[in-house]
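# Summary of the model geometry
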There are 2 protein chains.
Amino acid sequence: MAQLDESLLTDLPPFSALDRAQIRAILDQATPKRYDHESAIFHEGQDADRFFLLLDGYLRVIRTTPEGEQIIALHISPGQLFGIAPALQRDTYPATAMAATESLALSWPVRLWEEFTQNYPSFATETYKTLGARLGEMQTRITELATQAVERRVAAALLRLVSQSGRKVDGGVEIAFPITRQNISEMTGTTLHTVSRLLSAWEKSGIVKSARKRIVVTDPHRLLLLSGAQS
Amino acid sequence: MAQLDESLLTDLPPFSALDRAQIRAILDQATPKRYDHESAIFHEGQDADRFFLLLDGYLRVIRTTPEGEQIIALHISPGQLFGIAPALQRDTYPATAMAATESLALSWPVRLWEEFTQNYPSFATETYKTLGARLGEMQTRITELATQAVERRVAAALLRLVSQSGRKVDGGVEIAFPITRQNISEMTGTTLHTVSRLLSAWEKSGIVKSARKRIVVTDPHRLLLLSGAQS
DNA sequence: GCACAAGTTTGAGGCAGAACAACGTTGCCT
DNA sequence: AGGCAACGTTGTTCTGCCTCAAACTTGTGC
């Protein structure tokens, strides 16, 4: 693994207002760790003793129902804080974080949380902004689940994935990490069968192109219409 | 309206660590206001220039879809802070707050938010705890909507209402504010017809008793079973 | 006290999407 | 290179719940 470098953090919102010495101090207290594809960073209910920053890779944040079904609450992209239970005065993690690709994250013990927020006001501010955005996204998903038909929900989920982790490829925008039909069904509250049928239909009409664990959106505009956006 | 009194706040978590003089100072800067039944405190998208504390009554926090359907995101009970967009660095309210009964709330201009959180650490702490609880509840609702059948969701919604605002009456626990079948359908993503049928069935088997805009849960235990809780 | 509106109940029918089932495909591991 | 498991597709059946429809009930304002 490469040596930790100040340049990793300088451009990220929580740290962008800090000087080199401050970033150095933060970095010196961080523990970097690599996570294998499909391995867990922490589990739901586990003691929340650290908070994290994703440097590279993608994560899925998952909740499991009593019946054993999983639903994906959230995806984490590089540069985002996660596992920030301490910010909400929680002492256990409310969900499980899994690496959707091989990933690299920094973490700090929770006792540093208070120190960071007190010494670096922009750190607290940015964190709560992130939290506000997540809360808003969750409200939107509740509304969607409660009112929209499956096709719209799946279309909206794809658009969200693309906006959060889209990378340009020839002929469209690709979701930057491996994702299965099952995964998408766990984001939208449907079955992998229904997702498969939808993707097949969309591929026929030239809206997406998909392969195993890979999805490229070729016509975001038509997908937006399917998602029910007002024209 | 009664004169504002320190005793209104002393027992509430955000203020319980403060002394009389501090509470007096906070109270002196507050604007109290009464809201009629079914009137709005603020609207979705509106400039978030104040934050609020509900002293008496009950509120519904509502989101409206582009198609005009409403869904109820949250209920607010006496003693809770609401409209705390500033805590999340938002400049507009993400939802509409409506009085479910005649209600009384205090409010402060957002510029005092920073002052409060800086001067009274326990205020910030308690607020973020509340936020954490709401986030957790929203996750649970997403999971429910994505995986559970309608009957379970409605049962769970009733139990949540009872735990948040239940008042003992003879023969059971009553939801403390007027609530229609339509309202419950807007909490659970179903139709008023389905809710009506469920309540009728439950009334026949002695689990609830209901009248117009009034619901009494007579057998919480059986409702808990219906909600899918593991025994 | 009557009329009207708002809330509720109940019935009947249809359909989106879940459940069940079977087969095809691709990548990975030895 | 071959075998196997994970992933994906597609067809068929079935049902939970929405939709449409109509009547009933209860509070409320004139």
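Residues numbered from 1 in each chain as written. Chains lettered and ligands numbered in written order. Predicted model: local features only at pLDDT ≥ 70, side-chain atom pairs only at ≥ 80, totals over all residues. Heavy atoms only, no water.

### Re the overall build of chain A
Convention followed: Numbered from the N terminus, helices here are DSSP runs of H or I no shorter than four residues, and strands are runs of E no shorter than two. Only the C-alpha atoms count toward the radius of gyration. The rule for a globule is 2.2 Å times the residue count to the power 0.38. Three labels apply to residues, based on accessible area from a 1.4 Å probe with only protein chains included: buried if under 20% of the type maximum, exposed if over 50%, partly exposed otherwise in between. Per-residue accessibility takes into account occlusion by the displayed protein chains alone, with areas from the Shrake-Rupley method and a 1.4 Å probe. In this tally Asp and Glu are treated as negative and Lys and Arg as positive; neither His nor the chain ends contributes. Working definition for charges: the position is that of NZ of Lys, CZ of Arg, CG of Asp or CD of Glu.
Within chain A, the regular secondary structure consists of eight helices and 12 strands. For 231 residues, the compact-globule formula gives about 17 Å, and the C-alpha radius of gyration of chain A, at 19 Å, lands near that figure. Dimensions of chain A along its principal axes, counting C-alpha atoms only, are 55 × 40 × 35 Å. With 231 residues in all, chain A has 53% of them scored as buried. Of the roughly 10,500 Å² of accessible surface on chain A, a fraction of 49% belongs to carbon and sulfur atoms. Taken as two groups, the 25 positive and 26 negative side-chain charges of chain A have centres that lie 7 Å from each other.

### Some words on the nonpolar core
Convention followed: Residues enter a nonpolar core if they are buried and are Ala, Val, Leu, Ile, Met, Phe, Trp, Tyr or Cys, with the set joined through side-chain atoms within 4.5 Å. Residue contacts are defined here by distance: any two heavy atoms, one from each residue, within 4.5 Å place the two residues in contact.
One finds A:L9, A:W108, B:L9 and B:W108 to be the most contacted residues of the largest nonpolar core, which totals 53 residues. Contacts of A:W108, omitting those with residues within four sequence positions, involve A:F15, A:I26, A:Q29, A:A30, A:D49, A:R50, A:F51, A:F52, A:L53 and A:F116. Ranked by size, the runner-up nonpolar core spans 28 residues in total, among them A:I175, A:A176, A:L198 and A:I207.

### As for the packing of aromatic side chains
Residues and elements named next belong to chain A. The line we're drawing: Aromatic pairing here means that ring centres of Phe, Tyr or Trp (its six-membered ring) are within 6.5 Å. Orientation follows from the plane angle: under 30 degrees is stacked, over 60 is edge-to-face, and everything else is tilted.
Counted according to the given criterion, the structure contains 28 aromatic pairs over all chains. Where F51 meets F116, the ring centres are 6.0 Å apart and the plane angle is 90°; that geometry is what we call edge-to-face. Of this pair, F51 sits in strand β3 (residues 50–56) while F116 sits in helix α3 (residues 111–119), and the two are 65 residues apart along the sequence. Residue classification places F51 among the buried positions, given a relative accessible area of 0%. Three or more aromatic residues joined by ring pairs make a cluster, and in this case those are F15, F51, W108, W113, F116, Y120 and F123.

### A few points about the relation of the copies chain B and chain A
Put simply, the rule is: The atoms used to superpose the copies are C-alpha atoms, taken from residues with pLDDT of at least 70 in both, and the fit is least squares.
Overlay of chain B on chain A (RMSD 0.0 Å): rotation 180°, translation along the axis 0.0 Å. Accordingly, the operation relating the two chain copies is best matched by a two-fold axis. Nearest to the rotation axis, the C-alpha of B:I142 is located 2.8 Å from it, this being the minimum over chain B. Both copies present the same face, since 100% of the interface residues in chain B are matched by interface residues at the equivalent positions in chain A.

### Observations regarding the protein's contact with DNA strand D
Our working definition: Distances are taken per atom, and a residue is near a molecule or strand as soon as one of its heavy atoms is within 4 Å of it. We define a polar contact as two N or O atoms separated by no more than 3.5 Å, with the added condition that, inside protein, one atom must be a possible hydrogen donor and the other a possible acceptor, whereas residues neighbouring each other in sequence contribute only through side-chain atom pairs. Note on residue categories: nonpolar means Ala, Val, Leu, Ile, Met, Phe, Trp, Tyr, Cys or Pro, charged means Asp, Glu, Lys or Arg, and polar means any other residue, Gly included.
Surrounding DNA strand D, one finds 17 residues, the nearest of these being A:S196, A:R197, A:R212, B:T190 and B:T194. Among the atoms of DNA strand D lying within 4 Å of the protein, the sugar-phosphate backbone contributes 51%. The side chain of A:H193 places a nitrogen or oxygen atom 3.1 Å from a base oxygen of DNA strand D. Contributing elements (two or more residues each) for the surface near DNA strand D: α7 (192–204) of chain A together with α7 (192–204) of chain B. A per-element tally of the surface near DNA strand D places α7(A) first, with four residues. Looking at the surface near DNA strand D, its residues break down into two nonpolar, nine polar and six charged.

### A few points about the sheet that holds strand β11 (residues 208–211) of chain B
Residues and elements named next belong to chain B. Short version of the rule: In this analysis, strands are considered paired if DSSP registers two or more bridges between them. Axis lines are fitted through C-alpha atoms, for helices just across the contact stretch, and the angle between N-to-C directions can take any value from 0 to 180 degrees.
In spatial order, the strands read β9-β10-β12-β11; together these four strands make up an open sheet with antiparallel pairing. Single-partner strands in this sheet number two, and they are β9 (166–169) and β11. Ignoring strand direction, the axes of neighbouring strands in this sheet form an average angle of 30°. Across two bridges, the pairing between strand β10 (residues 172–175) and strand β12 (residues 214–217) is antiparallel.

### Focus on the protein's contact with DNA strand C
In the vicinity of DNA strand C there are 18 residues, among which A:T190, A:T194, B:R181, B:S196 and B:R212 approach most closely. Contact distances for DNA strand C include 3.4 Å between a phosphate oxygen and a side-chain N or O atom of A:T191. A distance of 3.0 Å is found between a base nitrogen of DNA strand C and a side-chain nitrogen or oxygen belonging to B:R212. Counting residues per element, the ones that place at least two in the surface near DNA strand C are α7 of chain A together with α7 of chain B.

Purely geometric numbers; function is a separate question.
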